[in-house]
Amino acid sequence: MRTHSTPLGQLRLWAALVVLMLMLSGCVPVPATLPTKDSIASEEVTPVDGTWRINTINKQVRIEAGRVYAVDPWLHAGLYQIQPGMVVIRDFRRLDTGHYTGADLPLQGTFDGQLRPHGRIEVTVQTAIGPMRYELAPVDLDDAEAYKTELAGTDYPVVEPAPEPTPIITPPPRPAPIVRPGNDVTPGCGGFGEHPCSKIKPVDRGKAGKLLCPGGQNFLSKGKCWVCPNGYTRSLKPLDHPKACHERGHPFKGPFKSARYNGQPNGCPDGQFNHLGRCKSCPDGFKRDGIGAASTNMCKPVKGNFGCDAGYRQAKQPPKVKNMLASLFGLKSGKYCAPPFDIKAAARAAMPSGGQLKEAAEVFLKGMTGNKEKMRAFRSAFVKKDWGALLDMLVQQPGFMRAIEVGKKLGYEEVSVGVGGDVSIIGGLNAEVGLAINTQNGKIRPYAAGGLSKGVSIGVDGTASLGFWKVPFETGATQGITTSVSGVISLGGGAWYTYFDPRKKAQEELAGFTFSAGVGLGAEFGEYNEVGTKVFGALPMRVPGV
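Remember, it's a predicted structure, so these values are computed and weren't measured experimentally.

## A short note on the overall build of the chain
When helices and strands are counted, the chain shows seven helices and 32 strands. Here the chain holds 546 residues, and 49% of them are scored as buried. In the chain, the proportion of contacts linking residues at least 24 apart, taken out of those at least 6 apart, comes to 62%. Roughly 26600 Å² of accessible area belongs to the chain as shown, and the carbon and sulfur atoms make up 55% of that amount.

## Let's talk about the nonpolar core
When a protein is soluble and globular, its nonpolar side chains tend to lie buried together. The biggest cluster of nonpolar side chains holds 47 residues, and the ones touching the most others in it are Leu 466, Phe 468, Tyr 497 and Phe 513. By residue number, the principal contributor to this core is helix H4 (residues 355-369), which donates six residues. Dropping the residues within four chain positions of it, Leu 466 is found in contact with Ala 360, Ala 361, Phe 364, Leu 365, Ala 403, Val 415, Ser 416, Val 417, Phe 513, Thr 514 and Phe 515.

## What about the state of the cysteines?
If you walk through the whole model with that rule in mind, you get five disulfides. For Cys 268, the disulfide goes to Cys 279, at an S-S distance of 2.0 Å. Every disulfide takes its handedness from the sign of the S-S torsion; for Cys 268 and Cys 279 that torsion is -95°, giving left-handed. With a gap of 11 residues between them, Cys 268 in the loop between strand E18 (260-261) and strand E19 (273-275) and Cys 279 in strand E20 (residues 278-281) connect regions that are remote in the sequence. Judged on exposure class, the residue Cys 268 and its partner Cys 279 are both buried. Paired by a disulfide, Cys 282 and Cys 299 hold their sulfur atoms 2.1 Å apart. Between Cys 282 and Cys 299, the S-S dihedral sits near -85°, and the bridge is therefore left-handed. Linking Cys 282 in the loop between E20 and strand E21 (286-288) with Cys 299 in strand E22 (residues 299-301), this pair joins segments that are 17 residues apart in sequence. Given a relative accessible area of 18%, Cys 282 falls into the buried group. The buried category is assigned to Cys 299, whose relative accessible area is 0%.

## Let's talk about the confidence of the model for the chain
Per-residue confidence for the chain gives a mean pLDDT of 78; residues scoring 70 or more make up 77%. Counted against residues more than four places away or in other chains, residues 1-5, with its pLDDT under 50, gives one contact. Of the regions scoring below 50 in pLDDT, residues 452-461 engages in 40 contacts with residues more than four places distant in sequence or in other chains.

## Focus: the sheet that holds E18
The pairing of strands in a sheet comes from backbone hydrogen bonds and takes either a parallel or an antiparallel form. Taken in spatial order, the three strands line up as E13-E14-E18 in an open sheet, and their pairing is antiparallel. Two strands close off the open sheet at either side, each with one partner strand: strand E13 (218-221) and E18. As defined by bridge partners, E13 adjoins strand E14 (residues 224-227) across four bridges and the pair is classed as antiparallel. Paired with Leu 220 across the strands is Cys 225, a residue of E14.

## Some points on the environment of Pro 269
In this fold, Pro 269 is placed in the loop between E18 and E19. Considering only alpha carbons, one finds Pro 269 and Lys 280, 11 residues apart in sequence, at a separation of 9.6 Å. With residues near it in sequence (within four places) discarded, Pro 269 still touches Gln 264 and Cys 279.

## Observations regarding helix H7 (residues 400-409)
Looking at H7, one finds that the buried residues are Phe 400, Ala 403, Ile 404, Val 406 and Gly 407. Axial view of H7: buried residues confined to an arc of 165°, hence all on one face. At the exit of H7 stands Gly 411, carrying a positive phi of roughly 90°.

## Examining the packing of H4 against H7
It is at 9 Å that the axes of H4 and H7 come closest, and there the two elements cross at 165°. Classified by the angle between their axes, H4 and H7 sit roughly antiparallel to one another. As H4 packs across H7, the resulting crossing turns out to be left-handed. Taken together, the residues of H7 that come into contact with H4 (itself represented by Gln 356, Leu 357, Ala 360 and Phe 364) are Phe 400, Arg 402, Ala 403, Val 406 and Lys 409.

Rules behind the numbers
Residues numbered from 1 in each chain as written. Predicted model: local features only at pLDDT ≥ 70, side-chain atom pairs only at ≥ 80, totals over all residues. Heavy atoms only, no water. Helix = DSSP H or I, 4+ residues; strand = E, 2+ residues; numbered from the N terminus. Buried < 20%, exposed > 50% of the residue type's maximum accessible area, 1.4 Å probe, protein only. Contact = heavy atoms within 4.5 Å. Areas by Shrake-Rupley, 256 points an atom, 1.4 Å probe, with all protein chains shown as cover. Core = buried A, V, L, I, M, F, W, Y, C linked by side-chain atoms within 4.5 Å. Disulfide = S-S within 2.5 Å. pLDDT = per-residue confidence, 0-100. Pairing = 2+ DSSP bridges. Arc of directions from axis to C-beta. Axes fitted to C-alpha atoms, helices over the stretch in contact; angles between N-to-C directions. Parallel < 35°, antiparallel > 145°, perpendicular 65-115°, else oblique. Left-handed = near helix turned anticlockwise from the far one by under 90°.

In structure tokens form, the structure reads like this:
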């Protein structure tokens, strides 16, 4: 009887093969060798340009002018790290109404996409092991009207961008690198989720041999042994010079020959040092912490290694402060070793340059910043804890309900609204105060944000901000990259991320976006920020209609 493989069965088989590869290899994930979006020239814009979600791995990509690049990081085939900004589909173009093609680089096959009645793109990629199938679900489209026109042209009913679908199959969590017994050269530090190594013990290689240079005709230079050919002796040149040796009796005219390296005088092979009669060596990425009496005979990281095993980097941890609103300047934070992650590249790929989020922010913030009396009244009501007055101001503000609606539709858990200025509730600290609104049930919680702030990270006096958060808006610190977002008004933006979690071994994830009016226009991209936020208890009221 002939059987047929279903798309779901193929995905499960692929996932099983990935897990098997990981178990057998024990390899550390490495960055994929893919081009970046900036290295590929822009081509024709399509009606489906915007941010989409891959249903099988629950990760976001962006279609933009002929290329598709990663917004979220993910692990491909269990071995390769696809980083934000890396192009995963190139030569993306429209063949016909609702029909798209391109070259899928990670799967190494031809991308064939069909826009379907439910508003998603069904994808088939012909690979070396057979066809692979997945879906792209719209998250935030650059031109919603063009998308509707494209969908209508296929004789399908027009639908709004669908909510994020439940993945058909959830890939297994990334396992920790397999360390076989006796193979961990930095036990207790330097590995995945471990603190970086400052100094480690060297590896014992056995008993040292005889000291001094072996044999005759040997010369010692810079701790190394050299030997001249028979009939030759050392010249005035350095021993690593091509004319290091001259024929005996002819020191000036020669002939000359080079000396031959003949090992170390410490009785140990190259790359090892003698400690109390034992040959010892440092693992890759480490070197002896000194020479002779200046050494403690330990190994320290070489420059650029930072104490993490090969393939890992130091992942910053949130500053440890008792008061989240205290100044973060000068505070040190812990670090752990983690797989590669470039927060600037991730923010550059993720920050909305158009679409519904930016449009909603522009409408709301234009109204807020256009009335300074209203902003002063907002701050005053916050200090007085007049929550009813605050809610009335927001509900009456054009664009407020639309911002919550857009946030809910695009899968954001909370929307924050804040204004900047000196407020006595946090000891006169120049900071931002506001309300966080749950998009699912309308619950409201006051918050104050302060600490280390550069550029447009949080509100300053005379500014207002609107935030969209994918993770719960809680007390703690976030890290982000701020920039300018051009538009009708002076609009600054920030893309915010969680910190690497060493307990869960969880990579940094996108926490949300903020837009600030009144500051940020023309700001240089790439300003790194850390902000502390204090969130207070829920208020006994809700936003009506949510």
